[in-house]
Amino acid sequence: MNRGTWIVLSIAGVCALALWMSLHRMGVLAPAKAGARSVPDYNPYPPGILPSDLSAEISRVIREVDVIEGRALARWHGLKPPILTGQPPILENTGTEFIETLGELMLFDKNISPNRNQACASCHMPYAGFSGPIPSVNLTMIGFPGTAHFRAGKRTAQRHPYSPFFPVLQYNQVQGLFFGGNFFDSRATGYKLRVPDAEQAQGPPVDPLEMGFPDTACVAFRLSQAVYKPLFEEVWGAGSFAISFPRDATEICATPGQAAVFHGSTTPVPLSAADRTRANIVYDRWAQSIDAYEQSVQVSAFSSKFDAFLAGKYTLTADELAGFKLFDGKGNCNSCHLDGRGTTLKAGQTDTGVKAMVNPLFTCFGSANEGLPLNPRIAFYYETRPDPYGYTANPYGFGYRDLGLGTFLRSGFGSNASPNVSWRQYAPTVDGQMQVTTARNVALTPPHCPTTEAPGPYFQKGFFHNGYIKSLKQLVHFYNTRDKYAYPVTSGHCPPGTTEKVDCWPMPEVRNNIDTTTGNLGLTDQEENQIVKFLQTLSDGFTRPYLNDDTFTGACTSGGSAPTQGNEFLIPTPPLPPCAPAICGAAPLPSPPIP
């Protein structure tokens, strides 16, 4: 590739369509071959942001994805075909398994990305509770790289289990609170499909920082070529792919989204109105199939120690039981991560009531701002210049602030457009709020890395939306002491004589609407540890194996201490510019103003 061509590709808006097709004929933007990429890696990051083993770890995960995809294919071929019968038509007998298996095949299909190198599961593997599968990414850059290496997102990979049970996003006028939706900012509302989890599945395939197709029609195009196409047609109908795709669909769908050659178009695949409708229907079926898999017992398994305890088939240890009482009482965890009981226990009391719920989801389905510090390791802050395709992910750099639900209600930068204009007025009341995720599987790890906690051997996770917290011990300690050890500094600048995450918590990234039910709980060190023990009882796989959790082929980490886990990778936050007007100046304005 000559330098002149490279410049043409790098500058947004200068490539005409004829030149784009010429570049494809030259092979500049041809689909990536196995083991190779057609353009150089994008690396605007200062040293230390990207982990040194990133490429090797991406390759490892792809191999593991292929293993699970192979298992799902074998499962499909082993199923007895269902019988279509009745009115309304029902796939009798194995119909449930058919649609769940279809969703599984889709989730682990790396062909659903321009470079055929990124599946949904690339960021959501079973052995990590369907969250981030690369420990070094969880430790450093936080957002996982997408199909265009190394574009990367701004948040941790959210867990899939139990997400199908979140309701459609709604504003409860009596409570003055939002409930439901999917994603940390609740932007998958469920407004159309009525299932937020299904609408969540429609995000990553066309997110330029993730799987990165330029057009939702590319999903229909690639599914029409998938080896499991007959399964899709058996579930959703033989005419599902009666779509006349243009000859250049292959080239278009091999180019990552937001490339300059698309001139901002989100529908660069030229389809007739009728074919566009058919492609949209396929995309909805994609989403519904994945939701079926994620709601199945393969993913949302209800197979933890705690589930066995509720059924009278497991006796909690002394520490687990103490942690359970603290979770409901002094720790105040149950106020958001609802466990199906409403008892607040006092010293010497024991809950002897009848179980109010035998499948609690450990969430209130709401949102909260816990006051997390800004994490300067997030790769997104550094994506301030065009990549080889001419796309700049974050022109605001460290002027970006993650306002979560507040940004979504404003249809702001880094989120989706809100489908309900009447919600916008409430944005200042939710700035900084992120979804209260289920506590289930928060501690799930590969079998041979049995914990998230140092000294291990452990599997490194990143907790909360920005991955700032590196262990469950830190997580509980943060809830316990956030206000007790609050300092007016940014991460990496705690005063001499203090230790960040132990007796120094930097100031919140967003100071508005902070949850005050936590912050100074008065828990002892032992009580914090007991809550961690209880959280570990929420990992699936106790009463029966958790499917595909055996596929991790990476290395466990050992050494260190859970209270300071990951601190050796802290970096000083640079002097922060004011919040960009495009984010904090969008109406209705945050109140008080966000610096």
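Rules of the game
Residues numbered from 1 in each chain as written. Predicted model: local features only at pLDDT ≥ 70, side-chain atom pairs only at ≥ 80, totals over all residues. Heavy atoms only, no water. Helix = DSSP H or I, 4+ residues; strand = E, 2+ residues; numbered from the N terminus. Buried < 20%, exposed > 50% of the residue type's maximum accessible area, 1.4 Å probe, protein only. Contact = heavy atoms within 4.5 Å. Core = buried A, V, L, I, M, F, W, Y, C linked by side-chain atoms within 4.5 Å. Disulfide = S-S within 2.5 Å.

A.B. asks: I tried to follow the environment of Phe-459 on my own but got confused; where do I start?
C.D. replies: Here Phe-459 is to be found in the loop between β6 (434-435) and α15 (472-481). Overall, Phe-459 belongs to the buried group, its relative accessible area being 1%. Along the primary structure Phe-459 and Thr-101 are separated by 358 residues, whereas in three dimensions their C-alpha atoms are 28 Å apart. Beyond its immediate chain neighbours, meaning those up to four positions away, Phe-459 contacts Tyr-127, Ala-128, Gly-132, Pro-133, Pro-135, Asn-138, Thr-445, Pro-446, Cys-449, Thr-451, Thr-452 and Phe-552.

A.B. asks: Quick question: what am I supposed to make of the nonpolar core here?
C.D. replies: The nonpolar side chains of a soluble globular protein tend to be buried with one another. Core analysis: the biggest nonpolar cluster contains 98 residues, and Phe-108, Leu-223, Tyr-228 and Trp-286 have the highest contact counts within it. The set of elements that each furnish at least two residues to this core consists of α3 (54-78), α4 (95-107), α6 (196-201), α7 (217-223), α8 (229-236), α9 (249-252), α10 (273-295) and α17 (581-584). The greatest single-element share of this core, amounting to eight residues, is contributed by α10. Residues Phe-324, Leu-372, Ala-443 and Leu-535 belong to the second largest nonpolar core, which totals 31 residues.

A.B. asks: Is there a simple way to think about helix α16 (residues 525-535) in this case?
C.D. replies: For the α-helix, the turn length of 3.6 residues means that residues three or four positions removed from each other point alike. Among all positions in α16, only Glu-527, Glu-528, Gln-530, Ile-531, Val-532, Phe-534 and Leu-535 are buried. Those residues of α16 that are buried are in contact with α11 (305-310), α12 (318-328) and α15.

A.B. asks: Hey, could you run me through the state of the cysteines in this one?
C.D. replies: Disulfide: a covalent bond connecting the sulfur atoms of a pair of cysteines. Per the counting criterion, the structure on display carries four disulfides. Disulfide partner of Cys-449: Cys-556, at an S-S distance of 1.9 Å. Measuring the twist about the S-S bond at about -85°, one finds the Cys-449-Cys-556 disulfide to be left-handed. Taken together, the residues span a long stretch of sequence, with Cys-449 in the loop between β6 and α15 and Cys-556 in the loop between α16 and α17 at a distance of 107 residues. The exposure class of Cys-556 is partly exposed, given its relative accessible area of 25%. The residue that forms a disulfide with Cys-579 is Cys-584, at a sulfur-sulfur distance of 1.9 Å. Because the torsion about its S-S bond is 80°, the bridge between Cys-579 and Cys-584 counts as right-handed.

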